[in-house]
Structure formats: C-alpha cells, structure tokens
Amino acid sequence: FAGHFGSMLSAVLRSIVDVDLVSVDQITYSEFIMSLVSPSCTYTFSSRPLDAACLVDFNPTLTFSLIDRMFGGHGKILETERELTGIERSVMGRLVDRMYRELEKSWEHIVKVGIEQISFETNPQFIQIVPPGETVVVISFQVKLFQSTGLLTICYPYVSLEPIITKLSAQNWIDATKRKNVD
C-alpha cells in the first residue's frame, strides 16, 4: 500500500512523496482514539466482505501540506489548528477516494475488498466504530512531502480481520509467492 499510495500522491502533487510504514500495533479502540488530535481529518469506511467499519486518519500537518500543494503551494505547514473549509474537504475527499482504490489494490492478494466511505469527522471523540475496549489493528504510515512530514493512520477492528487472519500470516505470503512463480 505504501508504494502504491506514494506513487499516486507523487502523480497528483507533481512532486516526490515518500510513504513509509512506521508501525503496526494492536491496541484498544479507546487508546487509538485518544492518540488522535482534534480537529482531525478522519474518514470511516466499509470494506466488504470485512464485516466492520474501519477508519483512516490524516494528521493535520499532513492534511494541510497536501492541500497547500494541491492548490499550487510548496506544501508548507499551517501553524494554526482549524477545521477544513468546504473546498478543502472536497479536495481531500477526492484524494481519499483515490487512496481507497490503492487500498483495494493492496488487499486483492489476500481478499478482494470493496471500499466505500461512510463518513467524515473532525472530532475523533465522536467516531464509534467499535466499543472502547475492543481490540483494533492500527497501521501508521509516515508521509514525507518537501519539508513536511505527517502521519496517515489506518485502523481495522480486530473482529473484522478474524475471518481472514490465517491469510495474513507470513507463511501464506511465501506460499502465494511460490505459486505465482511456478505459474
């Protein structure tokens, strides 16, 4: 996903963008929500056949750098913390739609998912995709654009991953690669 998303961002922003995996963590949903800043740029989405709502959060530093670059700037960091304007939301919405397509591509070797946006929220405290004590898998990516760096975080409820957890093992990836090479 990081490679595909980085390439897509580079094309959209007409500049070199590095996207690197920072961490994959298993924590409670309440811990995850507490780690997000407010105001935020957070989207919830469904990913059929995974059976739960998932979440993607763009750190404000990243959000405003992307928006500045898409409007012809140099990706500068905005010092004030504020919510997105209607136009900024629209621009980010288009970028997020493209990100969903890249996320679908990255999943297709494991299970074919269809991603659809559910909602957009600026206050993470209002987002309730699972009960606070539920376990979630949080994948964090560092996005580097010019001088700015920001985090993109994707959150999957563990219950949605349970049916396919065996397909996520390293051995399964090795076996799939061997089968592909033989074909």
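Rules behind the numbers
Residues numbered from 1 in each chain as written. Predicted model: local features only at pLDDT ≥ 70, side-chain atom pairs only at ≥ 80, totals over all residues. Heavy atoms only, no water. Helix = DSSP H or I, 4+ residues; strand = E, 2+ residues; numbered from the N terminus. Buried < 20%, exposed > 50% of the residue type's maximum accessible area, 1.4 Å probe, protein only. Expected span 1.5 Å × (residues − 1). Arc of directions from axis to C-beta. Contact = heavy atoms within 4.5 Å. Pairing = 2+ DSSP bridges. Salt bridge = Lys/Arg side-chain N within 4 Å of Asp/Glu carboxyl O.

Trainee: What is the right way to look at the environment of I164 in this model?
Mentor: Structurally, the position occupied by I164 is in the loop between helix 5 (158-161) and helix 6 (170-182). Taking relative accessible area as the criterion, I164 reaches 8% and is therefore assigned buried. Separated by 54 residues in the primary sequence, I164 and I110 have C-alpha atoms spaced 8.1 Å apart.

Trainee: Looking at this model, I keep getting lost on helix 1 (residues 2-13). Mind explaining?
Mentor: In an α-helix, one full turn covers 3.6 residues, which means residues spaced three or four apart are oriented alike. The terminal C-alpha atoms of helix 1 lie 16 Å apart, and with twelve residues this matches the ideal 16 Å at 1.5 Å per residue to within 8%. If you check which residues of helix 1 are buried, you get A2, F5, G6, M8, L9, V12 and L13. When helix 1 is viewed along its axis, its buried side chains cluster within an angular range of 165° and face the same direction. Among the exposed residues of helix 1, those pointing more than 90 degrees away from its buried face are G3 and A11. Turning to helix 1, the residues buried within the fold contact strand 1 (17-28), strand 3 (50-58), helix 3 (60-70), helix 4 (86-107), strand 5 (135-145) and strand 6 (148-157).

Trainee: Can you help me understand the pairing of strand 3 in this one?
Mentor: On a regular strand, each side chain points to the face opposite its neighbour's, so the side chains alternate between the two faces of the sheet. Counting buried positions along strand 3 yields eight of nine residues, so the element is predominantly enclosed. Between the end of strand 2 (residues 41-48) and the start of strand 3, which pair antiparallel, lie one residue. Across four bridges, strand 3 lies against strand 6 in antiparallel orientation. Across the sheet, residue D57 finds its bridge partner in strand 6, namely T153.

Trainee: Sorry, what's going on with the pattern of salt bridges here?
Mentor: Scanning the model with the defined rule gives five salt bridges in all. The salt bridge partner of R48 is D51, with a shortest N-O separation of 3.6 Å. The pair formed by R48 and D51 is uniform in burial state, with each residue classed as exposed. Residues E102 and K105 are paired through a salt bridge, measuring 3.6 Å at the closest nitrogen-oxygen approach. Of the two residues, E102 and K105 both sit in helix 4, three residues apart, roughly one turn of that helix. Overall, the relative accessible area of 10% leaves E102 in the buried class. What makes K105 partly exposed here is its relative accessible area of 40%.

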